Amino acid sequence: MTVPSDIASLALAPEGVRRIEWAAREMPVLKLIRERFQREKPLQGIRMTACLHVTTETANLAITLRDAGADLRVCASNPLSTQDDVAAALVNDYGIPVFAICGEDNETYYRHIHQALEHGPQLTMDDGADVVAVLHKDRRDLLPGVVGGTEETTTGVIRLRAMAADGALGYPIVAINEADTKHLFDNRYGTGQSTIDGIIRATNVLLAGKNFVVAGYGWCGRGVASRARGMGAQVIVTEVDPVKALEAVMDGFRVMPMAEASKEGDIFVTLTGDCNVIDRQHLESMKDGAIMANSGHFDSEINLKALAALSEAKKRVRDSVEEFHLQDGRKLYLLGEGRLVNLAAAEGHPAAVMDMSFANQALGAEWIALNHTKLEKTVYEIPHDVDQEIARLKLHAMGVAIDYLTEEQQRYLTSWQEGT
């Protein structure tokens, strides 16, 4: 049977299969879920559209959803994050329709989202809420058939909560990002390691001794800051939240406004989910040779229009590195076109981390499929018991045992009569 698709080349499939199988070795929780899904088929016949980074880890999630019985179509959630060999393998060896090509232009990117929606999904799975946005803007005719969805990332959850607050959200969505096993581990350990990996792969610069500016001290920022310090960098944090800024100070980092940090920084990483975090005035005060990268979901955090306006020439000097020759003679360097540097210049999060995130996605899809008739058109957090079970499965896979409360301890914690 011909599988609908638009990918770079089916000839890449053998390498994709090898890498998908390698990632699976580090994803034991998803493997256990897949084995249950194969038996129980909780998504049997449900049409799904998944807009995710098409990577080896995502492939293992897609295979799990397929084995749960879902009629799945996959498209990319970022034009630079698709691994073309993985896309080819999903189509050729696993029979999953994929519409994604690494480096696709904006028009192709959105055409692929539309193609992934053509079968009229009942469930959506997003990383950045682009499928939700297209459904609400361009394909409202499909909205009545959608019973629920899931959202992977901080940026997407922000967009969806805003839609829900305005009464604009057309169906219930589970915020996978709010799971402890997601934001504590994926955001902190995954983003921390993979962002540094992307910067080093792109530039091969020595981080030790560099002034390394981290914009935003959420879970992702915490991870990058700690990893940069571990590499010997002098870390500076910029923040707008006084509590997070205070935490960064107490964690031993220098904290200052971006207007000051821009004069000191050698390397800049943005992780806020906002726009123009590095703006024109910051670009104007940066050192000659400063390197900029973004690890937030969208390419809005560095003001690329201002960067272009300040420049008289631009050229690619390495894979994933663009040199901007400014009119005043300085040179600034942008990594991965200002998109997610960990995916644009590297391979994204390690599979062991995505094991928990995608376990949440799989179980979140199952939960919303079972409970959608009782849900309102708003954003829900992943159920706590699901989050706890994923953590237990991960510990078991790692060979780590923990204590359990005795009946006496449980009674004590739920009683008000006992105490001092």
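Worth saying up front: this structure is predicted, and the values here are computed from it rather than measured. (Residues numbered from 1 in each chain as written. Predicted model: local features only at pLDDT ≥ 70, side-chain atom pairs only at ≥ 80, totals over all residues. Heavy atoms only, no water.)

## Some thoughts on the sheet that holds strand E8 (residues 211–215)
1) Next: The eight strands are arranged E10-E9-E8-E11-E12-E15-E14-E13 in an open sheet whose pairing can be described as mixed. Both edges of this open sheet fall to strand E10 (254–255) and strand E13 (311–318), since each of them pairs with a single strand only. (Pairing = 2+ DSSP bridges. Helix = DSSP H or I, 4+ residues; strand = E, 2+ residues; numbered from the N terminus.)

## Description of the environment of aspartate 71
1) Next: When you line up the elements, aspartate 71 lands in strand E3 (residues 71–76).
2) Next: Its relative accessible area of 37% is what places aspartate 71 among the partly exposed residues.
3) Next: Ignoring anything within four residues of it in the chain, the contact list for aspartate 71 reads Ile46, Arg47, Met48 and His119. (Buried < 20%, exposed > 50% of the residue type's maximum accessible area, 1.4 Å probe, protein only. Contact = heavy atoms within 4.5 Å.)

## Focus on the packing of aromatic side chains
1) Next: The full count for this structure, using the stated rule, is four aromatic pairs.
2) Next: Seen in terms of ring centroids, tyrosine 217 and phenylalanine 253 are 5.9 Å apart; in terms of plane orientation they differ by 65°. Their pairing is edge-to-face. One end of the pair, tyrosine 217, is in the loop between E8 and helix H9 (219–230); the other, phenylalanine 253, is in the loop between helix H10 (242–250) and E10, with 36 residues separating them in the sequence.
3) Next: Residue phenylalanine 253 is classed as buried on the basis of its relative accessible area of 7%.
4) Next: Across the ring face of tryptophan 22, the terminal group of arginine 25 is positioned such that the distance to the ring centre comes to 4.2 Å.
5) Next: The aromatic ring of tryptophan 219 is capped on one face by arginine 222, whose charged end is 4.3 Å from the ring centroid. (Phe/Tyr/Trp six-rings, centres within 6.5 Å; stacked < 30°, edge-to-face > 60°. Lys NZ or Arg CZ within 6 Å of the ring centre and 35° of its normal.)

## Concerning the nonpolar core
1) Next: Counting residues in each nonpolar core, the largest one holds 57 residues, and the members touching the most others are Leu43, Met48 and Leu90.
2) Next: Ranked by residues supplied to this core, first place goes to helix H15 (residues 351–371) with ten residues.
3) Next: The contact partners of leucine 43, leaving out residues within four places of it in the chain, are Met48, Leu65, Ala68, Gly69, Ala70, Leu123, Ala365, Glu366 and Ala369.
4) Next: Ile199, Leu207, Val224 and Ala233 belong to the second largest nonpolar core, which has 26 residues in total. (Core = buried A, V, L, I, M, F, W, Y, C linked by side-chain atoms within 4.5 Å.)

## Focus on the pairing of strand E15 (residues 331–335)
1) Next: Across the five residues that make up E15, a large majority, four, are buried.
2) Next: Judged from the two bridges that link them, strand E12 (residues 291–294) and E15 form a sheet pairing that is parallel. Paired with isoleucine 291 across the bridge in E15 is tyrosine 333.
3) Next: Where strand E14 (residues 321–326) and E15 come together, five bridges link them in antiparallel fashion. What sits directly across from phenylalanine 324, in E15, is leucine 332.
4) Next: The antiparallel pairing of E14 with E15 creates a hairpin that spans four residues between the two strands, and glycine 329 there sits at a positive phi of about 100°.

## A few points about unusual backbone geometry
1) Next: Unusually for a residue other than glycine, alanine 129 sits at a positive phi of about 70°.
2) Next: Note that alanine 129 resides in the loop between strand E5 (123–126) and helix H6 (130–137).
3) Next: One non-glycine residue, asparagine 276, lies in positive phi territory at about 50°.

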